[in-house]
Amino acid sequence: MCGIVGYIGKQSALPIILDGLKRLEYRGYDSGGIAILDEDASYQKKVVGRIRDLEQAVQEDLRSGKLKGQTTLGIGHTRWATHGTPTTANAHPHTDCHSRIFLVHNGIIENHAFIRSALEREGHRFSSQTDTEVLAHLIEQHFSGEPGTTLEHAIAQTAHHIKGTFGIAVFALDDPDKIVVARRGSPLLIGVGEGEYIIASDASAIIKHTKQVVYLHDNEIGILKPDGYTITTLDREPVERAIDQIEWDIEESQKDGFPHFMLKEIFEAPQVIENSSRGRLLLEEGNAKLGGIEAVADKLRAVRRIIIAACGTSYYAALIGRYMLEEYAGIPVVVEHASEFRYHKPIFQEGDALLVVSQSGETADTLEALREAKAKGVLTLGIVNVVGSTIARETDAGIYNHAGPEIAVASTKAFVSQLTVLTLLSLWLGRQHNLSFVFGTRIAKELALLPQKAARVLALEPAIAAIAKTYADTEHFLYLGRKYNWPAAMEGALKLKEISYIHAEGYPAGEMKHGPIALINERCPSFVLAPSDSVYEKVLSNIEEIRARGGRVIAIGTEGDRRLASLADDCIFIPRTLEMLSPLLTALPLYLFAYHIAVLRGCDVDKPRNLAKSVTVE
Ligand code: AGP
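Anyway, here's the lowdown on the structure attached to this text. (Residues numbered from 1 in each chain as written. Predicted model: local features only at pLDDT ≥ 70, side-chain atom pairs only at ≥ 80, totals over all residues. Heavy atoms only, no water.)

A few words on the sheet that holds strand β27 (residues 570-574). Pairing is parallel in the open sheet, where five strands are placed in the order β24-β23-β25-β26-β27. Whereas interior strands pair on both sides, the edge strands pair on one side only; in this sheet they are β24 (503-508) and β27. Strand-to-strand twist of the sheet, defined as the mean angle between neighbouring strand axes without regard to direction, takes the value 15°. Sheet analysis places strand β23 (residues 476-481) next to β24, joined by six bridges and oriented parallel. For Phe-477, the partnering residue across the bridge sits in β24 and is Ala-504. Sitting on the sheet, helix α16 (residues 461-471) touches β23, β26 (553-558) and β27, and the angle it makes with β27 is about 150°. (Pairing = 2+ DSSP bridges. Helix = DSSP H or I, 4+ residues; strand = E, 2+ residues; numbered from the N terminus. Axes fitted to C-alpha atoms, helices over the stretch in contact; angles between N-to-C directions. Contact = heavy atoms within 4.5 Å.)

Structure, rendered in structure tokens:
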């Protein structure tokens, strides 16, 4: 998501903040800004683009004298848009009505629309489309600026109104010489220097100055002054927190201590399922709330066919989404390779809708499929991760993933997020049609349990790494699955191909006997997805067919399945879940397996040869 940096101490804040923001750029960003206490006045600069653009704009103001720059206190931000497209107005810091309170934020305020309309009714004037800005005006509301009223008190009051996540850094002209930080659900660290403090959302902005850090916990406030800091709960109870020592170097800190971004992003899966569902899962109603498609809800209710166009990993997520939408929303779905879509003369019918799925929102093939459908007057929807991306802007409506920036070229957490969003869409559409309250509730409650089930699968990493070691020299692989897990098998094969350069083919398990079985021998193992579901027995038969021809089998099954354990050479067990949700769990061992094989083969896991993170050419 976003990056936060702040400084208070005896050095000049400006270069420290700008340098810190540069160290956060790896997280993905679309705009940035700073606010500093410039002598007794405030100075604020925000740009769309890279931090070096921000730095250049600040340098110009220093040269012109608009900025004196003799300041020891300030905050900065790199934005990865979630609400509101990347514009200067939407960049942080955000301020109150009188530009006397300055705030940067990382997280998502779920009830921002409700708060905003209440504040506007009380006369507050907003200048952005962001959820964040409501925080600045709420603090203003609680911070009368009267003598004795403290900024930290106003922030504590504000936090009690907020649903969602926040990591914030704030300073106010009417309560100067301090920075106040607070967090709930988004990371915030305080770097403890000699008579100075650097706050950040990520250790990589701090390490250059100090490795002594204090981690703020949820629902805590930090008050930082040049002569010291205090931490309290939101209820203002004092908190004693030991100082930790960061052991990482800069490079490692950007990966939170993981050796590669890809592994970090695989381990983000539980958080990604939570973030993609946050504020959208209506457990008690067995339904979903999807604000991004409300504007076309009536058209969607009447939709008679959905065509999904996507590429790569997003295409495999779309194939799973097809099963979900057909089985639970009762809507016919056609899934197309976006790269083929406009070359086979697609025939659109009354009641069609085109859904495009794209992590980057910039994939040329997918964008052209979207434009082809739009030119024919077809209703277009998007499931996109990057806010304000071209595809997101050109669809009639859509649902953002909120998966956070995906840095590794090989997509992993985006796939998990796409399946989460497709589940929500199936729930939303299904409950408009024949999906019962009872089953809708069952899906909603199981999706809410999935983060902890995904964490249990990730805890199997050492065992999966050990299995990978025995297959690292393999040159050919078959990946097999049925129904929901056939596209997951395809995705697993893609991941192995992409990062380890091993030839791997994904197939519907039932297809194996129509040819690929000729490949089976002791040098061509099969990875078979066999969770306990409606096609389990048939998959077991396929495993028997492979074994009968001397093929080795790695199987993914449901915890406790002793039959499978007796058949496969290696078994990885996942928690029981609904059939439609099983790919959110089966994908994780496939990712970890591919990752460890690639590492063992000395491949560049985060930047595989020949690949780009976003394929912006046809
Ligand atoms: C997936 O690991 C690949 N990086 C690639 O197949 C990717 O999924 C495809 O290019 C589509 O990208 P998009 O989701 O950004 O549109």
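Following the structure, the description resumes.
Let's shift gears to the site of the ligand. Near the ligand you find 14 residues, and of these Ser-314, Ser-358, Ser-360, Thr-363 and Glu-498 are the closest. In this structure, Gln-359 approaches the ligand through a main-chain N or O atom, which is 2.8 Å from an oxygen atom. Alone, the ligand offers 410 Å² of accessible surface; in the complex the protein occludes 91% of this. Counting only elements with at least two residues in the shell around the ligand, the list comes to α10 (312-329) and α17 (485-500). No other element matches α10, which puts three residues into the shell around the ligand. (Near = heavy atom within 4 Å. Polar contact = N/O pair within 3.5 Å; in protein donor to acceptor, adjacent residues only side chain to side chain. Areas by Shrake-Rupley, 256 points an atom, 1.4 Å probe, with all protein chains shown as cover.)

Moving on, we get to the pattern of salt bridges. Any two side chains of opposite charge can pair, so long as their charged atoms come close to each other. For the coordinates displayed, the defined rule picks out 28 salt bridges. Linking Lys-178 and Asp-175 is a salt bridge whose minimum nitrogen-to-oxygen distance equals 2.9 Å. Neither residue differs from the other here; Lys-178 and Asp-175 are each classed as buried. (Salt bridge = Lys/Arg side-chain N within 4 Å of Asp/Glu carboxyl O. Buried < 20%, exposed > 50% of the residue type's maximum accessible area, 1.4 Å probe, protein only.)

Let's shift gears to the environment of Lys-225. In this fold, Lys-225 is placed in strand β12 (residues 220-225). Owing to a relative accessible area of 34%, Lys-225 belongs among the partly exposed residues under this scheme. Each C-alpha atom, one on Lys-225 and one on Leu-381, is 49 Å from the other, the two residues being 156 residues apart in sequence. Setting aside residues up to four positions removed in sequence, Lys-225 forms contacts with Ile-8, Asp-177, Lys-178 and Tyr-197.

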